[in-house]
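Observations on chain architecture
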Amino acid sequence: MAMEPTDAEFPEHADDNLRIWNANARWWDDRIGDGNNFQNHLIEPATERLLAVAPGERILDVACGAGRFTRRMAGLGARVVAFDACEAFIARARERTPSDAAIEYHVIDAARPGALASIGSIRVDKAVCTMAIMDMPEIGPLFSGLASLLPAGGSFVFSILHPCFCSITTQRFAETGDAETGRLVARSGVKVSAYLSPLAGKTEGIVGQPEPQWCFHRPLSLLCHFGFEAGFVVDGLEEPRLPVEGTGGGLGWSDMPDIPPILVVRMRRVGGS
C-alpha cells in the first residue's frame, strides 16, 4: 500500500517535541554553537552554494536555532528574518548577535498551520532551513506558508539528515572481510530498513544531551511531495561528504566517504507573482 502524505505528519508529538527542544537548546549551543565538522564541511558550504546569497537580499531563516547560519548570511550582506519555535534558542541567538546586525528574530513554530502568516506583509527573496525539517512533526504548513511569502522564482534551500543513509531507520556497521588478495580488509557501511515507511522516534543528536529528541523520518518521495503540492520544483541538490581522515573500518562518517550523511536541496517556487 502506498504511503499518503498524512502518514508523514505527526502532530501528536508537537507539544513534547517543543518541550524537549527548550530543555536541550542551551546545552546544544554550548557544544556546537561555534561549529563542528558537519557544519564546517558538509552543511554550510553546500547550503551557501545553492542559496547564493547576494548583498541586500532579504532571506527568511526557518528554525534558525541559536542563529549560527543566520549570522553567517548577514555577514554576506543579507537582511535576515529568522525564527524558531524554541524560545530558549531565540534567547541564545539574541545573546550571540551584535546589536547592529541586519537580523530580526521571532518565536514562530513553522509546523503550526498558518504560523508564517504572523510574519505579516514581509516579502522575502529566498528562504533557508538548516538541519531542522527532520525535527518538525509537521512540514506541510511550512511549505504552504513559504509559497505565500516567496516570489515566483524564489528559492528555498534546506538541509537534512539524508533519509536514505542517516536516519532513525538506519544502522552503521564496521566489519572485516577477505579481499581478493586473501588479506583481511576493514570496511564500513550502513544497513537500511523500513525506508519507505514514515516514522517518528527518539534519538540523541549529540551523545549525552539532557533529553533524547524526536526525529521524523520521511522518504524522499513524501518529503518532496509537500514542496510539489505547494508549487515548488527541485532545481538543485547536493550530497556532501566528510574529508577522508581514517583508514576505514570505523563507525565515523569519515570512514565511509562514499555514503553521504547529509542531503541539501534547493526548491524553487514556480508560477504566481
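Residues take numbers from 1 onward in each chain, read along the sequence in its written order. For this predicted model, a pLDDT threshold of at least 70 governs which residues receive local features, and a threshold of 80 or more governs which side-chain atom pairs are given and counted, while totals over whole chains, interfaces and linings are taken from all residues. Calculation of side-chain values draws on the structure's entire complement of heavy atoms; hydrogens and water are dropped beforehand.

**Side note on the pattern of salt bridges**
As a reminder of what qualifies: Think of a salt bridge as a Lys or Arg side-chain nitrogen and an Asp or Glu carboxyl oxygen that are within 4 Å of each other. Think of it this way: any DSSP run of H or I at least four residues long counts as a helix, any run of E at least two long counts as a strand, and we number them from the N terminus.
Applying the stated criterion across every chain, the model contains 21 salt bridges. Between Arg49 and Glu238 there is a salt bridge whose closest N-O contact spans 2.7 Å. With a gap of 189 residues between them, Arg49 in helix H2 (residues 37-51) and Glu238 in strand S10 (residues 232-238) connect regions that are remote in the sequence. Each of the salt bridges in this network shares a partner with another, and the network as a whole consists of Arg26, Asp29, Asp30, Asp34, Arg92, Glu95 and Arg96.

**Points about the sheet that holds S10**
As a reminder, the rule being used: Being paired, for any two strands, means DSSP has found at least two bridges between them. Helix axes are fitted to C-alpha atoms over the stretch in contact, other axes to C-alpha atoms as well, and angles between N-to-C directions run from 0 to 180 degrees. In what follows, a contact means two residues having at least one pair of non-hydrogen atoms within 4.5 Å.
On the basis of which strands lie adjacent, the open sheet formed by seven strands has the order S3-S2-S1-S4-S5-S11-S10 and mixed pairing. Since the sheet does not close on itself, it has two edges, and those belong to strand S3 (103-107) and S10, each with one partner. Ignoring strand direction, the axes of neighbouring strands in this sheet form an average angle of 20 degrees. As paired elements, strand S1 (residues 58-62) and strand S2 (residues 79-84) share five bridges and run parallel to each other. If you follow Val62 over to S2, its bridge partner there is Phe83. With respect to the sheet, H2 is in contact with S1, strand S4 (126-130), strand S5 (155-161), S10 and strand S11 (262-269), its orientation differing from that of S11 by roughly 15 degrees.

**Some points on helix H5 (residues 140-149)**
Heads up, the rule is: Accessible area is worked out with a 1.4 Å probe on protein chains only. A residue is then buried under 20% of its type maximum, exposed over 50%, and partly exposed in between.
Most of H5 is tucked away, with eight of its ten residues classed as buried. All buried positions along H5 are accounted for by Gly140, Pro141, Leu142, Phe143, Gly145, Leu146, Ala147 and Leu149. Packing partners of the buried residues in H5 comprise S1, S4, S5, helix H6 (220-229), S10 and S11.

**Re the packing of aromatic side chains**
The description of an aromatic ring pair uses the distance of the two centres, along with the angle that the planes make with each other. Operational definition: Whether two aromatic rings pair depends on their centres lying within 6.5 Å, for rings of Phe, Tyr and Trp, where Trp uses its six-membered ring; planes under 30 degrees apart make the pair stacked, over 60 edge-to-face, and the rest tilted.
Tallied over the full model, the rule gives eight aromatic pairs. On the numbers, 5.9 Å between centres and 40 degrees between planes, the contact of Trp21 with Phe89 is tilted. Note that Trp21 is positioned in helix H1 (residues 14-32) and Phe89 in helix H4 (residues 87-96), a separation of 68 residues in sequence. According to the relative accessible area criterion, Trp21 is buried, its value standing at 9%. Of the residues examined, Phe89 reaches a relative accessible area of 9% and is grouped as buried. Judged by centre distance (5.7 Å) and plane angle (75 degrees), the rings of Phe143 and Phe156 are edge-to-face. One end of the pair, Phe143, is in helix H5; the other, Phe156, is in strand S5, and 13 residues separate them in sequence.

**Some points on the pairing of S11**
For S11, the tally of buried residues reaches seven of eight residues, placing the bulk of the element in the interior. Here seven bridges tie S5 to S11, and the two strands are oriented antiparallel to one another. By the bridge assignment, Phe158 is partnered in S11 with Val265. Direction of pairing for S10 relative to S11: antiparallel, over a ladder of six bridges. Among the inter-strand pairings, Phe232 is bridged to a residue of S11, identified as Arg269.

**Let's talk about unusual backbone geometry**
The backbone of Ala63 sits at a positive phi, close to 55 degrees, despite the residue not being glycine. Following the sequence through the fold, Ala63 ends up in the loop between S1 and helix H3 (68-75). Note on Ala63: relative accessible area 17%, which makes it buried. The phi torsion at Ala194 lies on the positive side, around 50 degrees, for a residue other than glycine. Summarising the element assignment, Ala194 is placed in the loop between strand S7 (184-192) and strand S8 (199-203).

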